[in-house]
Amino acid sequence: MAKWPNSAGPEKPTTSASKGAASVDVFARQVIEVVATRQSGGERLVDTTLLKRFCDQLIARDQKKHLAFVDHLLASGLRREEICDLYVPAAARVLGDQWCEDQTSFADVTIGSARLQNLLRSIAPEWQVGWSPAPNAPSVLMYVRQDEFHTLGAMVAAGQMRRLGYDVTLHIGYEVHETLQVLLEEPFDIVMISASSSERLESLRKLIVNMRNAADVNMPIAIGGSILLTHDDLKTLTGADYAEADPRRVLRSCGMILPHMASDPTEIET
């Protein structure tokens with residue numbers, strides 16, 4: 001990643017060095033306020049000004065500007081997991097909203113989304129070579145259909161579970177028969193399906209039936225994703241065991257809690 005001062009955070013001074021210094025000072029104060037909120041035990045919130053700057057860098061012509069901005073955030077005290085869990089999904093939502101409102105082109109949204117995915121893999125330890133789950137951790141298969149474009153949420157959720165110590169396998173871009181073959185050959189404690197609002201319910205129902213036939217019929221299957229916003233009673237409509245936005249609540253309901261989580265009531269925020 002680019003390092004300070006070769007960053008794209010504060011705007012470059014246009015008339016004097018004092019303006020540049022003021023911009024840096026404003027940026028620093030914004031990050032300090034975010035960090036102070038976290039340290040005081042307050043709710044983790046996304047700073048709208050920082051988020052706007054982040055989105056601007058994601059669609060910039062310079063493909064490294066967003067990396068430089070992330071370096072600013074890290075150097076100023078924001079943690080990697082806060083960027084991954086809060087700012088990455090928030091930026092994805094903003095870019096999507098901008099496209100729907102004709103404020104951003106589809107090409108820019110595509111580029112921004114790809115950069116967000118690469119960012120997750122580059123800064124999050126749970127995606128690095130050498131990462132390993134906790135001993136005897138429950139195994140999770142996170143599945144996203146091959147033709148599904150909205151994959152970032154599944155990556156964020158999988159990363160959060162990995163960070164907690166779960167043994168998570170992420171299936172993005174696999175054909176259905178390939179995933180079913182994996183279920184036949186490898187035991188998993190649970191399957192989580194990330195589905196968008198455009199997913200057909202009958203297609204999901206057939207997928208779940210096929211997954212149960214390929215794996216242990218008693219293996220729990222959960223559905224998450226934006227489909228939760230458009231359909232009620234997904235459990236009945238699809239045959240899933242759980243329909244839940246927060247994968248950690250699903251894991252708790254299944255009794256798949258790691259020892260260090262037993263006394264931690266907080267939940268994953270997606």
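These numbers were taken from a predicted model, which means no experiment stands behind them.

Chemist: Please clarify how the overall build of the protein chain should be interpreted in this entry.
Modeler: Scanning the protein chain from terminus to terminus reveals 10 helices and five strands. For the protein chain, the proportion of its 270 residues judged to be buried stands at 44%. Once local pairs closer than 6 in sequence are excluded, the contacts in the protein chain between residues at least 24 apart make up 70%. With an accessible surface of roughly 14,100 Å², the protein chain has 52% of that area assigned to carbon and sulfur atoms.

Chemist: When you look at the nonpolar core in this model, what are you seeing that I'm missing?
Modeler: By size, the foremost hydrophobic cluster in this structure holds 47 residues, and its most contacted members are Phe54, Val88, Met142, Met161, Met192 and Leu251. In contact with Phe54, not counting residues within four places along its chain, are His66, Phe69, Val70, Tyr87, Val88, Ala91, Leu116 and Leu119.

Chemist: I tried to follow the packing of helix α7 (residues 176-185) against helix α8 (residues 201-214) on my own but got confused; where do I start?
Modeler: Relative to each other, α7 and α8 sit at 30°, their axes nearing to 8 Å. The orientation of α7 relative to α8 falls into the category roughly parallel. Viewed along their axes, α7 and α8 form a crossing whose handedness is right-handed. Touching Val176, Thr179, Leu180, Leu183 and Leu184 of α7 are Leu207, Asn210, Met211 and Ala214, all from α8.

Chemist: Sorry if this is basic, but what is going on with unusual backbone geometry here?
Modeler: Trans peptide bonds make up most of the peptide bonds, and negative phi angles are found at most residues other than glycine. Positioned with a positive phi, Asp102 is a non-glycine residue whose angle comes to about 60°. Counting through the fold element by element, Asp102 comes out in the loop between α4 (80-100) and α5 (106-123). Although it is not a glycine, Asp233 adopts a positive phi angle of roughly 55°. With respect to the helices and strands, Asp233 occurs in the loop between β4 (221-224) and α9 (234-238).

Chemist: How should the sheet that holds strand β5 (residues 242-243) be read in this particular structure?
Modeler: One key point about sheets: their strands pair by backbone hydrogen bonds, in either a parallel or an antiparallel sense. Strands sit in the order β2-β1-β3-β4-β5 across an open sheet of five strands; the sheet is parallel. The sheet is open, and its two borders are formed by β2 (167-172) and β5, each paired with just one other strand. With four bridges joining them, strand β3 (residues 190-194) and β4 adopt parallel strand pairing. When the sheet's bridge partners are listed, Ser194 is paired in β4 with Gly224.

Chemist: It is not clear to me how the pairing of strand β1 (residues 139-144) should be interpreted in this structure. Could you clarify?
Modeler: Each regular strand shows side chains that alternate between the opposite faces of the sheet. Burial within β1 is extensive, with six of its six residues counted as buried. Of the two faces of β1, both are covered, the one formed by Ser139, Leu141 and Tyr143 as well as the one formed by Val140, Met142 and Val144. Note: β1 against β2, six bridges, orientation parallel. Bridge pairing in β2 links Val140 to Val168.

Chemist: Where do I start with the environment of Asn213 in this structure?
Modeler: Relative to the assigned elements, Asn213 resides in helix α8. Here Asn213 falls in the exposed class, since its relative accessible area comes to 57%. When the C-alpha positions of Asn213 and Leu184 are compared, they lie 8.7 Å apart, and in sequence the two are 29 residues distant.

Chemist: Please clarify how the side chain of Thr179 should be interpreted in this entry.
Modeler: Checked against the element boundaries, Thr179 lands in helix α7. The residues contacting Thr179, other than those within four sequence positions of it, are Leu141, Tyr143, His171, Tyr174 and Met211.

Chemist: Would you mind going over the environment of Val70 with me for this structure?
Modeler: Checked against the element boundaries, Val70 lands in helix α3 (residues 65-75). Distance in space between the C-alpha atoms of Val70 and Arg80 is 9.1 Å, their sequence separation being 10 residues. In contact with Val70, other than residues within four places in its own chain, are Phe54, Ile83, Leu119 and Ile123.

Chemist: What's the story with the pattern of salt bridges in this structure? I'm lost.
Modeler: It is possible for side chains bearing opposite charge to pair when their charged atoms get close. Using the criterion set out here, one finds nine salt bridges in the structure. The partner of Arg249 in a salt bridge is Glu244, with the nearest N and O atoms 2.6 Å apart. In this structure Arg249 comes out as partly exposed when scored by relative accessible area, which is 32%. For Glu244, a relative accessible area of 25% corresponds to the partly exposed category. A cluster of three or more residues bridged by salt bridges with shared partners is formed by Asp85, Glu126 and Arg163.

How each quantity is defined
- Residues numbered from 1 in each chain as written.
- Predicted model: local features only at pLDDT ≥ 70, side-chain atom pairs only at ≥ 80, totals over all residues.
- Heavy atoms only, no water.
- Helix = DSSP H or I, 4+ residues; strand = E, 2+ residues; numbered from the N terminus.
- Buried < 20%, exposed > 50% of the residue type's maximum accessible area, 1.4 Å probe, protein only.
- Contact = heavy atoms within 4.5 Å.
- Areas by Shrake-Rupley, 256 points an atom, 1.4 Å probe, with all protein chains shown as cover.
- Core = buried A, V, L, I, M, F, W, Y, C linked by side-chain atoms within 4.5 Å.
- Axes fitted to C-alpha atoms, helices over the stretch in contact; angles between N-to-C directions.
- Parallel < 35°, antiparallel > 145°, perpendicular 65-115°, else oblique.
- Left-handed = near helix turned anticlockwise from the far one by under 90°.
- Pairing = 2+ DSSP bridges.
- Salt bridge = Lys/Arg side-chain N within 4 Å of Asp/Glu carboxyl O.

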